[in-house]
Amino acid sequence: MKKIKITQVKSAIDRPESQKLTLQALGLRKMNASREVEATPQILGMVRKVEHLLKVEEA
């Protein structure tokens, strides 16, 4: 399966609780935190929900 690298580039402060929980589910706890994850439909849906806070790259 294809992997993507996600990096949090904007803060979750003043965001709805659902967006904060989505970032936590993706494993992003702090600004500039990065993770490599499998590009499953579930992960891509979560990324789409908070894409305005993330930078997404192919790994």
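Above this text sits the structure in question.
## Looking at the overall build of the chain
- Looking only at helices and strands, one finds 2 helices and 3 strands in the chain.
- Secondary structure elements of the chain occur, N-terminal to C-terminal, as β-α-β-α-β.
- Taking 59 residues into account, the globule formula puts the C-alpha radius of gyration at 10 Å, and the chain, at 10 Å, falls close to it.
- For the chain, the spread of C-alpha atoms along the three principal axes comes to 35 × 20 × 15 Å.
- Taking the intrachain contacts of the chain between residues at least 6 apart in sequence as the baseline, contacts between residues at least 24 apart amount to 74%.

## Overview of the pattern of salt bridges
- Under the counting rule described, the total for this entry stands at 3 salt bridges.
- Residues Lys-2 and Glu-58 are paired through a salt bridge, measuring 4.0 Å at the closest nitrogen-oxygen approach. Remark: Glu-58 occurs in strand 3 (residues 54-58) and Lys-2 occurs in the segment before strand 1 (3-8); sequence separation between them is 56 residues.
- With relative accessibility at 63%, the residue Glu-58 sits in the exposed group.
- The residue Glu-38 makes a salt bridge to Lys-3 at a minimum N-O spacing of 3.7 Å. In this pair, Glu-38 sits in strand 2 (residues 34-38) while Lys-3 sits in strand 1, placing the two residues 35 residues apart along the sequence.
- Glu-38 gets classed as partly exposed once you look at its relative accessible area, which sits at 31%.
- Taking relative accessible area as the criterion, Lys-3 reaches 33% and is therefore assigned partly exposed.

## Notes on the side chain of Gln-8
- Summarising the element assignment, Gln-8 is placed in strand 1.
- With a relative accessible area of 4%, Gln-8 lands in the buried category.
- Within the structure, the side chain of Gln-8 is placed 3.0 Å from the backbone oxygen of Lys-10, a separation counted as a polar contact.
- Sequence-distant contacts of Gln-8, that is, excluding residues within four places in its chain, are made with Leu-23, Leu-28, Arg-29, Lys-30, Met-31, Asn-32, Ala-33, Leu-53 and Leu-54.

Criteria and cut-off values
Residues numbered from 1 in each chain as written. Predicted model: local features only at pLDDT ≥ 70, side-chain atom pairs only at ≥ 80, totals over all residues. Heavy atoms only, no water. Helix = DSSP H or I, 4+ residues; strand = E, 2+ residues; numbered from the N terminus. Rg over C-alpha atoms; globule rule 2.2 N^0.38 Å. Contact = heavy atoms within 4.5 Å. Salt bridge = Lys/Arg side-chain N within 4 Å of Asp/Glu carboxyl O. Buried < 20%, exposed > 50% of the residue type's maximum accessible area, 1.4 Å probe, protein only. Polar contact = N/O pair within 3.5 Å; in protein donor to acceptor, adjacent residues only side chain to side chain.

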